[in-house]
Amino acid sequence: MAIKICLLLLLTLSLLLLPIHCYTKHQEQEEEEESAEGALFECLVKCDKQPRNEEELTHCEQRCVNEYQDRKRQEREHDGGGGGGENHHHYEPEQQYKTCQSKCGRQEQGQQRQYCQQKCQWQYEKQKREQQGRERGRGDDVVTNSNKKSEEKQESKNPYFFQSERFVSKYKTQEGHIKVLERFSKKSELLKGIENYRLAILEANPNTFVLPHHCDAESVFVVVGRQSYNLKRGDVMRVPAGSIVYLINRDDNERLYVLKLLQPVNTPGRFKEYFGVGGENPESFFRTFSNEILEAAFNTPRERLEKLFGQQRKGVIIKASKEQIRALSQETESSRGRRGESWGPFNLLDQQPLFSSNLGQYFEASPNDYQQLKDLDVSVGFMHIKQGGMVAPYYNSRSTKLVFVVGGSGQFEMACPHVGTQTKQQGRKEKQGETRTDVHYEKISGRLSVGDAFIIPAGHPIAIIASQDSNLQLASFGIKGSYDQKYFLVGQENIWNQVESEAKELSFKMPAREVEEIFKSQEQSYFLPGPGQREERKGHNVASILDFVGF
Amino acid sequence: MAIKICLLLLLTLSLLLLPIHCYTKHQEQEEEEESAEGALFECLVKCDKQPRNEEELTHCEQRCVNEYQDRKRQEREHDGGGGGGENHHHYEPEQQYKTCQSKCGRQEQGQQRQYCQQKCQWQYEKQKREQQGRERGRGDDVVTNSNKKSEEKQESKNPYFFQSERFVSKYKTQEGHIKVLERFSKKSELLKGIENYRLAILEANPNTFVLPHHCDAESVFVVVGRQSYNLKRGDVMRVPAGSIVYLINRDDNERLYVLKLLQPVNTPGRFKEYFGVGGENPESFFRTFSNEILEAAFNTPRERLEKLFGQQRKGVIIKASKEQIRALSQETESSRGRRGESWGPFNLLDQQPLFSSNLGQYFEASPNDYQQLKDLDVSVGFMHIKQGGMVAPYYNSRSTKLVFVVGGSGQFEMACPHVGTQTKQQGRKEKQGETRTDVHYEKISGRLSVGDAFIIPAGHPIAIIASQDSNLQLASFGIKGSYDQKYFLVGQENIWNQVESEAKELSFKMPAREVEEIFKSQEQSYFLPGPGQREERKGHNVASILDFVGF
Amino acid sequence: MAIKICLLLLLTLSLLLLPIHCYTKHQEQEEEEESAEGALFECLVKCDKQPRNEEELTHCEQRCVNEYQDRKRQEREHDGGGGGGENHHHYEPEQQYKTCQSKCGRQEQGQQRQYCQQKCQWQYEKQKREQQGRERGRGDDVVTNSNKKSEEKQESKNPYFFQSERFVSKYKTQEGHIKVLERFSKKSELLKGIENYRLAILEANPNTFVLPHHCDAESVFVVVGRQSYNLKRGDVMRVPAGSIVYLINRDDNERLYVLKLLQPVNTPGRFKEYFGVGGENPESFFRTFSNEILEAAFNTPRERLEKLFGQQRKGVIIKASKEQIRALSQETESSRGRRGESWGPFNLLDQQPLFSSNLGQYFEASPNDYQQLKDLDVSVGFMHIKQGGMVAPYYNSRSTKLVFVVGGSGQFEMACPHVGTQTKQQGRKEKQGETRTDVHYEKISGRLSVGDAFIIPAGHPIAIIASQDSNLQLASFGIKGSYDQKYFLVGQENIWNQVESEAKELSFKMPAREVEEIFKSQEQSYFLPGPGQREERKGHNVASILDFVGF
């Protein structure tokens, strides 16, 4: 149970051993199918994603069922018979879920059992989501298309939320993949300020090797996994542009998850990987050079070189043998930074949390404190909200946060004055004597599941709520991370405490005493009990990539 | 007579007491009308704005009168009768001016009297200008439209000058407004280098309160007003992004003027204010959150919250009672910077002027000297040119200056090699043996009145001239302010002194002795006597926001 | 034999004496003609530029000859007779070359003779190239047009290579010129990351003076010439924006070459020169101001000013007399940096080379070591590859290099994953179970001659090869130059040495022993023997601006 990340900096070798998560491979292999059932599920999930009251929800769900029945009827008419095999397929994720759960039942200890169940749930949701992604990809049925349109429409109003399907495979083999989120500036003009940042996630099966490569981007890696051999969960690594990196997942059972922030150095928003070692897949960049040049450079006949650069066809993430992994795991030298200082990985969770209460914790590594984050001016954060809890509404003073859901489920609501207001103002003539206030806040919201990402722009008030049955765990990168402040708007430590009561009286047009009374009603700080009456529809415990036991 | 600006940084309260200017409220209320008279005035002002000879001027003015007569005739035909009330309106600014002047006549001391008269004049010009702005806004008459077109055409050739009407109200109540200048990159491609800076001006009536808010922009405030209780004219405050700011104008008679430079932190060139306290107007961002979340966050039933966030409807700048202002004025703690250092306001005019002579002074706070200006790399400057004087032609080595006319009137001329030359070069084939010089300077010029703004790009030679009858006072922000130099091109301290006479001989193709003789003819430095034969048409003394007495 | 660059910083004068190269003026005057012969030569050069096998080359050359014969026939038909004089013209470069060579033959010492011959060759190639540039400029014949199209097509696939004709004259007189390379972002979206950098080259005849001016760009000058009076070859000068600069070439025989990197401070990618002294050509910016303002500023009647600013008509680079040059050469004070530190020029070649072997050397001045390069974050490098040698394939970790060919000839090959891959990925749906690898490298290549420029983006593996008969000499600016590393991919010091053999075994899918054997076959480091079987077609030795003797 170990992974290895090798950063070649200057002429120094770095071996970093990383943890993985127990996600066994045979499950992964069976997750590829598509169906009317999938569409139904997708539709139901969509109903569930948008916060609404029970009545609307029932109505939405009914519509899903109707559409499902229509589609089934059509399929029967078009395909004729022969759909027998399908049933088997479509119920697989559900069946797998049941099998997985029953296995967990055999475990005795309560905590391990709970953890096992969470993983079943997470795996199930992941499979379903990927199924939906494929459904949407086909786009050959009316239902999906109309959904797509409304989704796009919704997105133009919500450029800050990215469901996990928005991460697209850049590299994919049987043993894992590297997925990258679309360019921010392509999604919305409002994201132009962060156009030179990209978010990526690497997943690799047990006993695998990710081929050595470098990248034309500065990057920060965060290990989102459990404690392991010699690298701890929450470890953060700064990988300078051009460093040669390779990884091994030496665990026998668990998958490796690494979240990456990339800052391209050549063209804004664009980066590529460069594989020197390799063959046909990944293509080695050596194959680009003329034979004469290669022969001269390597001082070797072209036949031998053609052989050397012609064997590898398995892709970027490949299976490794026990012996190979053992050999690769021996050295443990750490990487060196570009300034000659030691730039080994550091652990985010070793330090004191920045904020903490019995309902949650927030850890942050700021570029003010960590030399290796300084030139990128990027902070790294981990937020943990206990089930049923919420973080008190707050805003970040100057940093824009890119947040990735690492574990659990929940939702967020954010007030945004930029969305939807642009057209309103343009061309509007000022009337005489008019009282004018050029600000209106749109609600930006999203239901959060593992793998989703969202953006919190600077100054935007936000509330994040964990679901009733799972701890919500978030990893984040903070652009312009130095000298950033979190200003809480509610709770004992809220920023309004510093405003005189006369100012509040004037602002709210209400007696100061009444205003103060309300602002003092919340006795907790930072993390608060969430809205208790919601979320009960969902039955299962939802697992997390992070083992939250002991978090 | 005091104003208060509160910056909430970290958990510290800052109370800054600012001065205001005597601009009584009843005058403001009566300034809202529109008329053919306004159009006439506008037309005449336009004639006056463009430097021309007396003959052209007379011709231009005659055209204005003709257009005025045409329009009057049309109005009579269309409206039928009933325009009786109009006359009353249209002559109001003029009448007010007379009343104001006669009040001044009662004051005994010469200096106070002169100052009083200047304010009358300034108020009069301001009202007329706002009147014209409205005229132009309507755009329902041919005269204005054709004027508009020629104006636009002129602007494409002069992207550096902004008449005061180009500041647009973002917030406006009966008690004041916040106006923002259009985005620079929208005006011209040439301003792309400063696209992430915005210029704004806040004006607030006596005894008013500006509601607490924060902003997704870094900013610098400059008080452009007179010495006051505990803040001095020329005080500069750095307001970090996300800081909660509120202001009071505790003066009984004078208006508050604050000039702001903003550097948005989310989307280039775009920023918004965020009001937490408030109700319907300004809308509180709390109203965006779901009721369940608000109830949980505040631990308060929704009815009470709905009441709390439903009362305020008066807008962003509101009247405050004597008692409220007294209470808000007691604390005087100063703000703290983000680096833990003291970041209180500092005064630009306390230090030695950078350049000074008997005809003018220039003060500058550079990011090299002031920690709080360092991360923005912005300098703040004040230039004062005595009536009839001019600043010797000069250029700034690397900084682009955004200049705002604070007091007086005058004009500028600037040599610009970028304007109008782009098309010429494109696609032009190089001929054989051709002597080629790829540079031609266009003259950029403008007549300056209080409230106008202009840009001086780096390297551009400029001359600024005060009118014969008023001291010209300019406040400026310098983008890329560090290590900037002002290089004077004429006068005793001109930079050509450092060039050997042989180089001048070669450059001018004229005997060195003759060249040197001319360059030594000007015996003054920095500020010089201006061109004396001009400007005599204008009769009135023009006042300034800054009390220039003792400047 | 000396040149002078004067930087006026603050109020300090700097006199920098620069060297020139022996390129006598009468040769320059005769180089302006155009012909079918030129087109033939151009066509042949094009055949030669693209690496191909002998068969294709013969075919290409045959096509050139056919086109030449067609054109000659057409000329005879159209022009009638009377083309007698042309012949004289068209063979001039060839004849000059022969005369030049025969002069060299009279010199006794082997090294001087070789050097003399190289200069003849270089001058010949330069003349031919300029001839071709003019041919291409005319664009009035089918041959050139079709060539042009294929050239453009080629360029869209190769945005990194700029033949010397892409430098366009901004200033040109009989005594020299200043040429500027097109804006990078206009050539390709991929170059957006360096859009605010420009490359320029100044050439001035013996005994000339470049008029004083300043520029709205930060800049770095590199002297690409031989050791001289008091400035050495390889000297680097940082010229802050707004500094007044003038130069003299006080050598009697040699031309001055200065390579410049510019970083505009006003509008991204755009800069202009500002001439204060001057007259009609170069136009003095003083001429832009109104007469009244000039009269007041200079305290001088307008007649005298009109005379002062009306004489100079010769342009920016003019002939100077012996006496003037002597007077201008006396002062030798050095310039001061903007931070008060001494910012005199420093010499790149004085220090230890960063890498060196018997086949080449690489010198670099990094912003980590040189204060004057720090704010621009730009490095300056010189690479020298002995004839027949090559630099081992390598990549730069984070810096993008703008490279200029200073001497000799050769070629480069570079692997680029960005070119041509954009469309492929867009809109491509992920298939199930697919092994995906989102990277393919295109070969970017170019034949290098003196005056060409090319770009090496960060992370891009490149090989550069000197031709068999000339030492290739390259000057380069490195954008984002701090903390950049050169990672060699082949040779004894290659970065794969740091990767364990098991990792190579896995990557290449080949036994570790075999892989290691190949990687150890090259016993040299950094600079290697090039592909020996090529390049023999070219007979002449090719000279260099840099005197490589003793390099």
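These notes cover the structure that comes with them. (Residues numbered from 1 in each chain as written. Chains lettered and ligands numbered in written order. Predicted model: local features only at pLDDT ≥ 70, side-chain atom pairs only at ≥ 80, totals over all residues. Heavy atoms only, no water.)

1. So, the sheet that holds strand 17 (residues 355–357) of chain C
1) Next: Spatially, seven strands are ordered 5-25-21-27-19-18-17 (chain C) in an open sheet, and the strand pairing comes out antiparallel. Taken across any chain shown, the strands that pair with only one partner, and hence form the sheet edges, are strand 5 (161–162) and strand 17 of chain C. (Pairing = 2+ DSSP bridges. Helix = DSSP H or I, 4+ residues; strand = E, 2+ residues; numbered from the N terminus.)

2. Thoughts on the relation of the copies chain B and chain C
1) Next: With an axial shift of 0.1 Å and an RMSD of 0.1 Å, the rotation relating chain B to chain C amounts to 120°. What we have between these two chains is a three-fold relation. (Least-squares fit on C-alpha atoms with pLDDT ≥ 70 in both.)

3. Quick notes on the interface of chain B and chain A
1) Next: Listed by partner, the interface residues are 78 residues for chain B and 73 residues for chain A.
2) Next: The tally of links between chain B and chain A comes to three salt bridges.
3) Next: For glutamate 517 of chain A, the salt bridge is made with arginine 304 of chain B, and the minimal N-O distance between the two is 2.9 Å.
4) Next: The interface formed by chain B and chain A includes 25 residue pairs in polar contact (both at pLDDT 80 or more). (Contact = heavy atoms within 4.5 Å. Salt bridge = Lys/Arg side-chain N within 4 Å of Asp/Glu carboxyl O. Polar contact = N/O pair within 3.5 Å; in protein donor to acceptor, adjacent residues only side chain to side chain.)

4. Re the pattern of salt bridges
1) Next: For the structure shown, the criterion picks out 51 salt bridges over all chains.
2) Next: The partner of arginine 255 of chain A in a salt bridge is glutamate 203 of chain A, and the shortest N-O contact between them spans 2.5 Å. Of this pair, arginine 255 of chain A sits in strand 13 (residues 254–264) while glutamate 203 of chain A sits in strand 8 (residues 198–204); the two residues are 52 residues apart in sequence, bridging distant segments of the chain.
3) Next: Linking arginine 238 of chain B and glutamate 218 of chain B is a salt bridge whose minimum nitrogen-to-oxygen distance equals 2.9 Å. Taken together, the residues span a long stretch of sequence, with arginine 238 of chain B in strand 11 (residues 235–239) and glutamate 218 of chain B in strand 10 (residues 217–223) at a distance of 20 residues. Accessibility assignment for this pair places arginine 238 of chain B and glutamate 218 of chain B in one class, buried. (Buried < 20%, exposed > 50% of the residue type's maximum accessible area, 1.4 Å probe, protein only.)

5. What about the interface of chain B and chain C?
1) Next: Every contact between the two is made by 73 residues of chain B and, on the other side, 76 residues of chain C.
2) Next: Roughly 6800 Å² is buried in total at the junction of chain B and chain C, and carbon and sulfur atoms are behind 58% of that figure.
3) Next: Where chain B touches chain C, the interface holds three salt bridges.
4) Next: Between arginine 398 of chain B and glutamate 218 of chain C there is a salt bridge, with its nearest N and O atoms 3.2 Å apart.
5) Next: Taken together, the links from chain B to chain C amount to 25 residue pairs in polar contact (both at pLDDT 80 or more).
6) Next: With six residues, the single largest contributor to the side of chain B that touches chain C is helix 14 (residues 501–508) of chain B.
7) Next: Along the lines of polarity and charge, the residues of the side of chain B that touches chain C split into 32 nonpolar, 21 polar and 20 charged.
8) Next: Here strand 23 (residues 436–437) of chain B runs beside strand 6 (residues 167–173) of chain C; their pairing, made up of two bridges, is antiparallel. Residue pairing for strand 6 of chain C: threonine 437 of chain B is matched across the bridge by tyrosine 171 of chain C. (Buried area = accessible area lost by both parts, 1.4 Å probe. Nonpolar A, V, L, I, M, F, W, Y, C, P; charged D, E, K, R; others polar.)

6. Some remarks on the pairing of strand 11 (residues 235–239) of chain C
Residue and element names in this part refer to chain C.
1) Next: Among the five residues in strand 11, five count as buried, and that is most of the element.
2) Next: Neither face of strand 11 is open: one carries Asp235, Met237 and Val239, the other Val236 and Arg238, and all of them are buried.
3) Next: The sheet contact formed by strand 10 (residues 217–223) and strand 11 spans four bridges and is antiparallel. Each bridged residue has a counterpart across the sheet, and for serine 219 the counterpart in strand 11 is valine 239.
4) Next: Of the pairings in the sheet, the one linking strand 11 to strand 16 (residues 346–347) comprises two bridges and is antiparallel in character. Directly across from valine 236, in strand 16, lies its bridge partner phenylalanine 346.

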